[in-house]
Amino acid sequence: MDIDPIQSQLGEWSSVRADRALTIYLNDHLAGATAGTRLARRIADHAPDGQADRRAGVAREIREDRGALLVLMRSLHVPVHQHLLLLGAAAETLGVLKPNGRLVRRARLSDLVELEAMYLGVCGKAAMWRTLSGLPGLARHSAVDLPLLIARAATQARLLEALRAEAGGAALAVA
């Protein structure tokens, strides 16, 4: 009988199917991560001069963090609720349609609003990683490196805050 190496590392966590609360919690975060991955890509695609590398780097990490969440869910036997992924993607798409004072081209406020939303999403992701790391047995047997993910989310939040402050100054500057 083949034993999945991830399951064998998880000990007590691999022997039970995820309960309803954990399934809902992780799927909600996955929906947010789906929206966040798309938003991070758009933020990177619209980087002003001097910010392209920083924005592309955080977008890559956010995409990788979503992948880590999927690995964790799979290792815990948490089913992915596809309808929530579609809702997350749809919510992010609707965010593009939010009027920011311009109909055809990107408004000055777009960067600020998007960076604020991304910052809030990263803070929520960090809270999830911290919550999971506090579950008995999970941190020790996790299929992902929770301390690394917590530290990376903190670094992402600091960078997004710096980018947000720059965007705020540019978007709200009084002429």
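The structure this text deals with has already been given above.
Residues numbered from 1 in each chain as written. Predicted model: local features only at pLDDT ≥ 70, side-chain atom pairs only at ≥ 80, totals over all residues. Heavy atoms only, no water.

**Student:** For the packing of helix H2 (residues 20-45) against helix H3 (residues 52-75), give the residues involved together with the corresponding values.
**Tutor:** Running from N to C, H2 and H3 point in directions that differ by 160°, and their axes come no closer than 9 Å. Our classification of the angle between H2 and H3 gives roughly antiparallel. Both H2 and H3 take part in a crossing whose hand is left-handed. Where H2 approaches H3, its residues Leu 26, Asn 27, His 29, Leu 30, Ala 33, Thr 34, Gly 36, Thr 37, Ala 40, Arg 41, Ile 43 and Ala 44 are matched on the opposing element by Arg 55, Ala 56, Ala 59, Ile 62, Arg 63, Arg 66, Leu 69, Leu 70 and Met 73. (Axes fitted to C-alpha atoms, helices over the stretch in contact; angles between N-to-C directions. Helix = DSSP H or I, 4+ residues; strand = E, 2+ residues; numbered from the N terminus. Parallel < 35°, antiparallel > 145°, perpendicular 65-115°, else oblique. Left-handed = near helix turned anticlockwise from the far one by under 90°. Contact = heavy atoms within 4.5 Å.)

**Student:** Which residues make up the layout of surface pockets, and what values go with them?
**Tutor:** The rolling of a water-molecule-sized probe over the atoms marks out the regions of remaining empty space. Considered as a void within the structure, the second largest pocket measures approximately 160 Å³ in volume. Lining the second largest pocket are Pro 48, Gln 51, Arg 55, Arg 106, Ala 107, Arg 108, Asp 111, Leu 163, Glu 166, Ala 167, Ala 170 and Ala 171. Broken down by secondary-structure element, the contributors of at least two residues to the lining of the second largest pocket are helix H5 (108-133) and helix H7 (146-172). In terms of residues, the lining of the second largest pocket owes the most to one element, H7, which gives 5 residues. Along the lines of polarity and charge, the residues of the lining of the second largest pocket split into 6 nonpolar, 1 polar and 5 charged. (1 Å grid on protein atoms, 1.4 Å probe; cavity = no way out; pocket = protein on both sides within 12 Å on 5 of 7 lines; lining within 4 Å. Points joined across faces, edges and corners; volume = space filled by probe spheres on them. Nonpolar A, V, L, I, M, F, W, Y, C, P; charged D, E, K, R; others polar.)

**Student:** Tell me about unusual backbone geometry, and name the residues and values.
**Tutor:** For residues besides glycine, phi is generally negative; the peptide bonds are generally trans as well. Phi angles above zero are rare outside glycine, and His 77 is one such case at about 60°. According to the relative accessible area criterion, His 77 is partly exposed, its value standing at 23%. (Buried < 20%, exposed > 50% of the residue type's maximum accessible area, 1.4 Å probe, protein only.)

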